[in-house]
Amino acid sequence: AGKFLVMLMIVLSIVYDASMRSPEERFLKPDLAGKFLVWVEANPYWGLGAFLCAIAVCVVLLIPIGTPLTLGCGYIYKGVYGWTMGLAVATFVSMAGSALGGGLFF
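Residues numbered from 1 in each chain as written. Predicted model: local features only at pLDDT ≥ 70, side-chain atom pairs only at ≥ 80, totals over all residues. Heavy atoms only, no water.

(A) Up close: a nonpolar patch on the surface. A contiguous nonpolar patch, built from Phe4, Leu5, Leu8, Met9 and Leu12 and spanning about 520 Å² of accessible area, is present on the exposed surface. Tracing the backbone shows leucine 8 in helix α1 (residues 2-20). (Patch = residues over 30% accessible without salt bridge, like charges linked within 9 Å, V, L, I, M, F, W, Y side chains within 5 Å. Areas by Shrake-Rupley, 256 points an atom, 1.4 Å probe, with all protein chains shown as cover. Salt bridge = Lys/Arg side-chain N within 4 Å of Asp/Glu carboxyl O. Helix = DSSP H or I, 4+ residues; strand = E, 2+ residues; numbered from the N terminus.)

(B) Region of interest: helix α5 (residues 83-105). For α5, spanning 23 residues, the distance from its first C-alpha to its last is 32 Å, which sits close to the expected 33 Å at 1.5 Å a residue. Within the sequence span of α5, burial applies to Gly86, Val89, Ala90, Val93, Ser94, Gly97 and Gly101. (Expected span 1.5 Å × (residues − 1). Buried < 20%, exposed > 50% of the residue type's maximum accessible area, 1.4 Å probe, protein only.)

(C) Quick peek at the packing of aromatic side chains. One pass over the structure, following the stated rule, counts 3 aromatic pairs. Pairing phenylalanine 105 with phenylalanine 106 gives two aromatic rings, centres 4.8 Å apart and planes at 90 degrees, and the pair type is edge-to-face. Exposure remark for phenylalanine 105: the relative accessible area of 25% places this residue in the partly exposed category. The ring of tryptophan 83 is capped by lysine 78, whose NZ or CZ atom sits 5.1 Å from the centre of that ring. (Phe/Tyr/Trp six-rings, centres within 6.5 Å; stacked < 30°, edge-to-face > 60°. Lys NZ or Arg CZ within 6 Å of the ring centre and 35° of its normal.)

(D) Representation of the confidence of the model for the protein chain. When pLDDT is averaged along the protein chain, the result is 82; 93% of the residues meet or exceed 70. Mean pLDDT values over the elements of the protein chain span from 78, in helix α2 (residues 32-42), up to 90, in α5. (pLDDT = per-residue confidence, 0-100.)

(E) Structural context of the nonpolar core. Grouped together as the largest cluster of nonpolar side chains are 15 residues, with contacts concentrated most on Phe36, Val40, Phe51, Leu69, Cys73, Tyr77 and Val93. The set of elements that each furnish at least two residues to this core consists of α2, α3 (44-60), α4 (66-81) and α5. Considering each element in turn, this core owes the most residues, 5 residues, to α3. Those residues within four positions of leucine 69 in sequence are excluded, and the remaining contacts are Phe36, Leu37, Phe51, Ala54, Ile55 and Cys58. (Core = buried A, V, L, I, M, F, W, Y, C linked by side-chain atoms within 4.5 Å. Contact = heavy atoms within 4.5 Å.)

Laid out in structure tokens, this is it:
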């Protein structure tokens with residue numbers, strides 16, 4: 001019952017933030033993912049860990065930003081490492097982040 005109440009509070013907080021507050025006042029800003037992708041492109045090595053953690057946190061908190069982050073990860077690392085290595089790195093980071101988030105959630 002405790003986990004359910006915590007998750008319910010998180011979901012209600014996110015819904016409140018998205019529906020009742022103006023975009024300037026929101027905790028989860030509409031351009032948060034875009035700013036994060038720009039930072040990762042400028043810092044590709046730190047970005048690996050940041051992507052992994054960001055995707056894991058999104059999975060745990062049920063934030064539906066995981067798909068744009070996964071696509072952005074593929075786009076950025078394709079540009080950094082080339083098609084073959086970049087997509088392999090992006091796939092690994094996305095899968096590892098999802099697995100980490102799933103493991104933490106359950």
